[in-house]
Amino acid sequence: MDVKVKFMGGAGTVTGSRFLLETDRFRLLIDCGLFQGLKELRLRNWESFPTDPAKIDAIVLTHAHIDHSGYLPKLVKEGFSGPIYLTEASLELVKILLLDAGKLQEEEAKFAAQKGYSKHQKPLPQFTQEDAERVFPMLKAISFEQEVTIADHIQLTAYNAGHILGAAIIKLKVTGENQEKKLVFSGDLGRYRDPILNPPADIPFADVLFLESTYGDRVNESIDIDKRLGRVIRETYQRGGVSLIPSFAVGRTQMLLFYLHRLQEKGLIPAIPIYVDSPMAINVTELYKKFVHYHHLGPSLEEKGANPFLHPNLHYYREQEASMSLNHIKGDAIIISASGMATGGRILHHLYHRLPNENDSVLFVGYQPEGTRGRKILDGEDTCRIYGIDVPVKASIHFIDGLSAHADQAELVTWCENFISKPKYTFLVHGEKKASEKLAGILKDTYAWNTICPGYMESFELFSGI
């Protein structure tokens, strides 16, 4: 039996994660994400899928983020009808994220048609809420460290990856007539000292490793995060401004709430209102109570005054009308809204109103891929195009590193050190070219690993005649 892989995304970029694994009698897609960032990448979302979706037998998701799951509605619409394996928490998150993404795309298409800033005569969403709902019956929950047979010759085991609630490292055991091989997909690895989530599990063996490399070229110090975050908020408060934080609804928002609660309890920032303006973030936050075994907050969620997701200064806004009312606040507030890369969602109308105000601050707390609004603002551009209008950037712009949900270069190398024997191949994926190549070089020079940085649509034969 031969085993091949084709990189249909997540190669040379941090988005669009899609890896097609083929044996003589089974086709398995690992992750099914949307491309984000640069226009040339986003255009791939509108192209026909590179292989016939009806001929894919099954899908395994490492986790729920849209760049790993967001193409599912289109794939189902184009003919995929097999099972989709993911952890219990990821199953709940995927439902929330896909419905939210469908709703946003419907709203943005409608808004673009009304305002006339789209190049298309009739702007259309990539998928709708109805399309998203068609995915749900196919979702099959799995538990960490329990082997599941997905084909007569393929067994799947998921291990904790950290990163976000339910994120998994995927191990596939492929059994041929002569040999058994282990393929490991790291997914997105979390941090070893995350204040909420458990660290990624150690994996001792892999014949082939697919390793994420988002921060393969840098170290993100997680020391003094609360001090740096507190300093920006205090300075903004003293100017009479509002601190606006674009934040990913899954993971990052909950970590921010943890730090902000602790800062207010210690008196290191003023006891001003904190507004979470994201229905999706609110829904996600509620899952932390349901899936307590995925994190180490544990009993604190039940203790009065200790729950970072429930205290007097914290206000959750679900309705659009409530969201719009925040535009009238002149100062003494913290607003957290999605999306974290400012690619869509309610954060856009907040940026539209806050960027021109020199008293306000915008705090980015996560990775900003090439081509995103967040990256352009961080790179110091004088204007930001929102709703077809060039908005002047006069607010104070900050990046608080260390809050990333991704393992940095040092942590990725530490995770690799746990392998008892070196893999036959290590593919560096889910990273921009510079980051992937840097990490590939370190693993090659330090451990003599056979590292490969694959290109988009590149194919490799992993094993022959096993």
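## Structural notes on the overall build of the protein chain
Along its length, the protein chain carries 13 helices and 22 strands. The C-alpha radius of gyration computed for the protein chain amounts to 22 Å, which stays within 12% of the reference 23 Å derived for 466 residues, consistent with globular compactness. Dimensions of the protein chain along its principal axes, counting C-alpha atoms only, are 70 × 50 × 40 Å. Across the 466 residues in the protein chain, those meeting the buried criterion constitute 60%.

## Focus: the sheet that holds strand 19 (residues 396-399)
As summarised here, the arrangement of the six strands in space is 14-13-15-12-16-19, forming an open sheet in which the pairing is parallel. Looking along the sheet, the strands with just one partner apiece sit at the ends: strand 14 (314-316) and strand 19. Recorded for the sheet is a direction-independent mean angle of 20° between the axes of neighbouring strands. Taken together, the four bridges between strand 16 (residues 361-364) and strand 19 define a ladder with parallel strand orientation. By the bridge assignment for strand 19, Phe364 is matched with Phe399. This element, helix 10 (residues 347-354), spans strand 12 (242-246), strand 13 (274-277), strand 15 (333-337) and strand 16 of the sheet and lies at about 145° to strand 12.

## Concerning the pattern of salt bridges
Under the defined criterion, the tally for this structure stands at 21 salt bridges. A salt bridge links Arg228 to Asp401; the nearest nitrogen and oxygen atoms lie 2.6 Å apart. In this pair, Arg228 sits in helix 6 (residues 225-238) while Asp401 sits in the loop between strand 19 and helix 12 (409-416), placing the two residues 173 residues apart along the sequence. Relative accessible area serves as the criterion here: at 18%, Arg228 is assigned to the buried category. Exposure remark for Asp401: the relative accessible area of 24% places this residue in the partly exposed category. The closest approach of N and O atoms between Arg375 and Asp379, which form a salt bridge, is 3.8 Å. The class for Arg375 is partly exposed, based on a relative accessible area of 23%. Several salt bridges share partner residues, and in doing so they unite Lys77, Glu130, Asp131 and Arg134 into one network.

## A short note on the nonpolar core
Core analysis: the biggest nonpolar cluster contains 95 residues, and Leu211 and Trp415 have the highest contact counts within it. Counting residues per element, this core draws most heavily on helix 4 (residues 88-115), which supplies eight residues. Non-local contacts of Leu211, meaning those with residues more than four positions away in its chain, are made with Ser186, Leu189, Leu412, Trp415, Cys416, Thr426, Phe427, Leu428, Val429, Leu439 and Leu443. Counting residues in hydrophobic clusters, the runner-up holds 35 residues, among them Ile30, Ile150, Ala151 and Phe185.

## Thoughts on empty space enclosed by the protein
All told, the structure shown has two cavities of 30 Å³ or more when counted by the stated rule. Considering the residues around the largest cavity, the lining is formed by 14 residues, among which Ser17, Phe19, Asp31, Gly187 and Val429 are closest to the centre. The class makeup of the residues in the lining of the largest cavity is five nonpolar, six polar and three charged. By volume, the second largest cavity is sized at about 50 Å³. Taken together, His163, Asp194, Ile196, Leu197, Gly251, Arg252, Met255, Tyr288 and Ala405 form the lining of the second largest cavity. Split by residue class, the lining of the second largest cavity holds five nonpolar, two polar and two charged.

## A closer look at the side chain of Gln254
Structurally, Gln254 can be placed in helix 7 (residues 252-265). Separated by 2.9 Å, the side chains of Gln254 and Thr285 make a polar contact. Aside from chain neighbours lying at most four places away, what touches Gln254 is Ile196, Ala249, Ala281, Val284, Thr285, Tyr288 and Phe309.

## A look at the pairing of strand 18 (residues 389-392)
Pairing between strand 17 (residues 383-386) and strand 18: four bridges, direction antiparallel. Residue pairing in the sheet places Ile386 in a bridge with Ile389 of strand 18. Counting the residues that bridge the hairpin from strand 17 to strand 18 gives two residues, and of these Tyr387 lies at a positive phi of roughly 55°.

Reading the values: rules and limits
Residues numbered from 1 in each chain as written. Predicted model: local features only at pLDDT ≥ 70, side-chain atom pairs only at ≥ 80, totals over all residues. Heavy atoms only, no water. Helix = DSSP H or I, 4+ residues; strand = E, 2+ residues; numbered from the N terminus. Rg over C-alpha atoms; globule rule 2.2 N^0.38 Å. Buried < 20%, exposed > 50% of the residue type's maximum accessible area, 1.4 Å probe, protein only. Pairing = 2+ DSSP bridges. Axes fitted to C-alpha atoms, helices over the stretch in contact; angles between N-to-C directions. Contact = heavy atoms within 4.5 Å. Salt bridge = Lys/Arg side-chain N within 4 Å of Asp/Glu carboxyl O. Core = buried A, V, L, I, M, F, W, Y, C linked by side-chain atoms within 4.5 Å. 1 Å grid on protein atoms, 1.4 Å probe; cavity = no way out; pocket = protein on both sides within 12 Å on 5 of 7 lines; lining within 4 Å. Points joined across faces, edges and corners; volume = space filled by probe spheres on them. Nonpolar A, V, L, I, M, F, W, Y, C, P; charged D, E, K, R; others polar. Polar contact = N/O pair within 3.5 Å; in protein donor to acceptor, adjacent residues only side chain to side chain.

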